[in-house]
Amino acid sequence: MDAEPATTGPAGLIARLRARLTGGPSEASLTRRLAGTIFIIRVISAGLAYVSQVLLARWMGTSDYGIYVYVWTWVLLLGSMMDFGISASAQKIIPEYRASGEQALLRGFLSGSRWLTFAVSTLVSLALAGIVRLLSPWIDPAEELPLYIGCMTLPAFVVANTQDGIARSHDWMRLGLMPQFIIRQGLIIGITAIAFLLGYHLGAVAAMVASAGAVWIAMTGQMVVLNRKLAGHIAPGPKTYDIGGWLAVSLPILLVESFYLLLSYTDVLVLQQFRPSDEVGVYFAVVKTLALVSFIHYAMSATTAHRFAEYNASGDKARLSAYVTHAINWTFWPSLAATIVLLALGKPLLWLFGPQFVVGYDIMFVAAVGLVVRSAIGPVERLLNMLGQQKICALAYALAFVMNLVLCIALVPRYGGHGAAAATSISLTFETVLLFWIVRQRLGLHVLAFGK
């Protein structure tokens, strides 16, 4: 999609590399710059998250850390689903409103989507707190209060996700991602460090309080900045709220996102039911160590989704096909390289959590297989969602989730973390094959990083 510089030798090689990474005004160059920005943010976030997890694991001990990981996993899972899929559908709805010049609908969506997700997530959070209360006789007493705090965290988490989707639809990647992935992590480190230095007992409750405060503060700051940028970008005027239309687009995408999240977190949640909390902590450390690989996929997905919708709306199939190929190549090869590096450095990285976490090193190799296989088809789930194939994509993810759940229940009781990693890798491989076949049949596109 970009012209190569007609120079040779070392200077020409450097020029070509610079052109491929940052040069030119074309869509491919812009995508790489934006994806690079997202990736850098996620890498910095991973570093901060790694520091926070290492500190929490050392300050709290494996049991309290395992409880915190369990509750925080529920927050991540539920919070990512409670926006009705609007954070993802914003990347389809906003470009279409802009292309058709429907400014009233655009203004209505930019404000109404956030009010809608906040109101409903608050009601759902109250209901979840009631469920925790009803189930309290069967819940570990050490988990009960952290779960209540997790419920208090959800509304802010959901609004932040919605604002992230709005910001990314305007190519404001830093505004969309930094509050959630850098500012929030920095606040968690700062708050817990202050509590530790002041001599407070840093258990699961204190860690959840710090995390909840960080989520609310980061979301509020993001809202202030986003409102200011939108005021300078969108002309004032009347607002039209097409809630039914938003949900018609969003709910099928919600199914896709929900099954994807369930697939992502099933291993940790099942592990907590069958194995001790310290094993959950070790497994979570392994997952965090391999997170860099999934960040590459996330960066390309976040960058490309609204452009898939834009090119499809304009009817430019050749441009769409070239852009898809570009996105897949820039997902797979960096993911493969990152996996090799992480596996080579796995033991010292796990040791940072504490010497007892090194026992999870073998699990890394099992878990890495699924991530590499999945990266071979790039962000095709976003392609399907943006091109109106949400239902079949949701079905593929549902089948992969069911497979993962069944395999986890079968393997985790006997094999622990190794079983959870194997179940997830097998399910991701199945999902990859299924998505490849769906795109080939429905869209006629080749979506593999190699071959034709």
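What counts, and where the lines are drawn
- Residues numbered from 1 in each chain as written.
- Predicted model: local features only at pLDDT ≥ 70, side-chain atom pairs only at ≥ 80, totals over all residues.
- Heavy atoms only, no water.
- 1 Å grid on protein atoms, 1.4 Å probe; cavity = no way out; pocket = protein on both sides within 12 Å on 5 of 7 lines; lining within 4 Å.
- Points joined across faces, edges and corners; volume = space filled by probe spheres on them.
- Helix = DSSP H or I, 4+ residues; strand = E, 2+ residues; numbered from the N terminus.
- Nonpolar A, V, L, I, M, F, W, Y, C, P; charged D, E, K, R; others polar.
- Core = buried A, V, L, I, M, F, W, Y, C linked by side-chain atoms within 4.5 Å.
- Buried < 20%, exposed > 50% of the residue type's maximum accessible area, 1.4 Å probe, protein only.
- Domains from an automatic or database assignment.
- Contact = heavy atoms within 4.5 Å.
- Salt bridge = Lys/Arg side-chain N within 4 Å of Asp/Glu carboxyl O.
- Phe/Tyr/Trp six-rings, centres within 6.5 Å; stacked < 30°, edge-to-face > 60°.
- Lys NZ or Arg CZ within 6 Å of the ring centre and 35° of its normal.
- Expected span 1.5 Å × (residues − 1).
- Bend = angle between axes of the 7 residues up to and from the residue.
- Axes fitted to C-alpha atoms, helices over the stretch in contact; angles between N-to-C directions.
- Left-handed = near helix turned anticlockwise from the far one by under 90°.
- Patch = residues over 30% accessible without salt bridge, like charges linked within 9 Å, V, L, I, M, F, W, Y side chains within 5 Å.
- Areas by Shrake-Rupley, 256 points an atom, 1.4 Å probe, with all protein chains shown as cover.
- pLDDT = per-residue confidence, 0-100.

*Asks:* Even after reading the chapter, I still don't get the layout of surface pockets, so can you show me in this structure?
*Replies:* Where empty space is left can be seen by rolling a probe of water-molecule size over the atoms. Computed from the structure, the largest pocket encloses a volume of approximately 420 Å³. Y70, W74, V132, I139 and L147 are the residues nearest the centre of the largest pocket, which is lined by 19 residues in total. Those elements that place two or more of their residues in the lining of the largest pocket are α3 (62-81), α5 (103-134), α6 (141-169) and α9 (243-274). When the residues that make up the lining of the largest pocket are grouped by side-chain class, the tally is 14 nonpolar, 3 polar and 2 charged.

*Asks:* Which parts of the structure should I look at to understand the nonpolar core?
*Replies:* Nonpolar side chains in soluble globular proteins tend to end up buried together. Y65, Y68 and F353 are the most contacted members of the largest nonpolar core, which totals 67 residues. Top contributing element to this core by residue count: α3, with 11 residues. Shared between two domains, this core takes at least three residues from each, and those domains are domain 1 (50-241) and domain 2 (262-451). Apart from residues no more than four positions distant in its own chain, Y68 is found in contact with Q53, L56, M60, A204, A207, M208 and S211.

*Asks:* Which parts of the structure should I look at to understand the pattern of salt bridges?
*Replies:* Close approach of charged atoms allows side chains with opposite charge to pair. Throughout the structure, instances matching the rule amount to 5 salt bridges. Notably, a salt bridge pairs R168 with D164, separated by 2.9 Å at the nearest N-O pair. With R168 and D164 both in helix α6 and 4 residues apart, the pair spans about one turn of that helix. Here the two residues R168 and D164 agree in accessibility, since each one is buried. A salt bridge links R275 to E279, with the shortest nitrogen-to-oxygen separation between them at 3.0 Å. Residue classification places R275 among the partly exposed residues on the basis of a relative accessible area of 22%.

*Asks:* When you look at the packing of aromatic side chains in this model, what are you seeing that I'm missing?
*Replies:* Aromatic ring pairs are defined here through the distance separating the ring centres and the angle between the ring planes. All chains considered together, the criterion is met by 9 aromatic pairs. Here the aromatic rings of Y68 and W72 are separated by 6.4 Å at their centres, their planes lie at 10°, and the arrangement is stacked. Pair noted here: Y68 and W72 are both in helix α3, with a separation of 4 residues, about one helical turn. We classify W72 as buried; its relative accessible area is 8%. Look at F332 and W333: their rings are 4.7 Å apart centre to centre, the planes differ by 70°, and that puts the pair in the edge-to-face class. The class of F332 is buried, set by a relative accessible area of 7%. Site record: aromatic cluster; members linked through ring pairs are Y68, W72 and F157. Over the aromatic face of W172 sits the side chain of K229, whose NZ or CZ is 4.8 Å from the ring centroid.

*Asks:* Sorry, what's going on with α5 here?
*Replies:* Taking 1.5 Å per residue, 32 residues should reach 46 Å; α5 reaches 47 Å between its end C-alpha atoms and fits that length. The sharpest bend along α5 measures roughly 30° and falls at G112.

*Asks:* Explain unusual backbone geometry here, please?
*Replies:* Most of the time, phi is negative for any residue but glycine, and the peptide bond is trans. In this model, F84 sits at a positive phi of 65°, which is unusual for a non-glycine residue. You can see F84 is positioned in the loop between α3 and α4 (86-100).

*Asks:* What's the story with the packing of α4 against α6 in this structure? I'm lost.
*Replies:* For any two helices packed against each other, the geometry is given by the interaxial angle and the distance between the axes. It is at 8 Å that the axes of α4 and α6 come closest, and there the two elements cross at 35°. Judged by the sense of rotation from one axis to the other, the crossing of α4 with α6 is right-handed. Listed contacts from α6 to I86, S87, A90, Q91, I94 and R98 of α4 are N161, T162, G165, I166, R168 and S169. Tallied by class, residues from the contact of α4 with α6 come to 4 nonpolar, 6 polar and 2 charged.

*Asks:* Help me understand a nonpolar patch on the surface, please; the structure alone is not making it clear to me.
*Replies:* On the surface, a nonpolar cluster with roughly 490 Å² of combined accessible area is contributed by I131, L134, L135 and W138. Within the secondary structure, L135 is located in the loop between α5 and α6. Judged by its relative accessible area of 40%, L135 is partly exposed.

*Asks:* Help me understand α4, please; the structure alone is not making it clear to me.
*Replies:* Three or four residues apart is the spacing at which side chains of an α-helix point the same way, because the helix has 3.6 residues per turn. Compared with the 21 Å implied by 1.5 Å per residue over 15 residues, the 20 Å span of α4 between its first and last C-alpha is a close match. The largest bend along α4 reaches roughly 25° and is located at K92, with the proline P95 sitting one to four residues downstream. Of all 15 residues that make up α4, 11 are buried, and the element is covered over most of its length. Listed in full, the buried residues belonging to α4 are I86, S87, A88, S89, A90, Q91, K92, I93, I94, P95 and Y97. Immediately downstream of α4, the backbone of G101 shows phi near 70°, a positive value.

*Asks:* Any chance you could explain the confidence of the model for the chain here in plain terms?
*Replies:* Any residue range with low pLDDT should be treated as having predicted coordinates unsuitable for detailed reading. Per-residue pLDDT for the chain averages 83, and the proportion of residues at 70 or more is 89%. Element-level mean pLDDT values for the chain span from 45 in helix α1 (residues 9-21) up to 94 in α5. Low pLDDT, under 50, characterises residues 1-18; the predicted model gives this stretch 21 contacts beyond four residues in sequence or across chains. When the criterion is pLDDT under 50, residues 20-25 qualifies, and its contacts beyond four places in sequence or with other chains add up to 13 contacts.

*Asks:* Sorry, what's going on with the environment of A207 here?
*Replies:* Structurally, A207 is set in helix α8 (residues 204-233). When its relative accessible area of 1% is taken as the criterion, A207 is described as buried. Spatially, the C-alpha atoms of A207 and W72 are 9.7 Å apart, while their sequence positions differ by 135 residues. The residues contacting A207, other than those within four sequence positions of it, are L56, M60, Y68 and L202.

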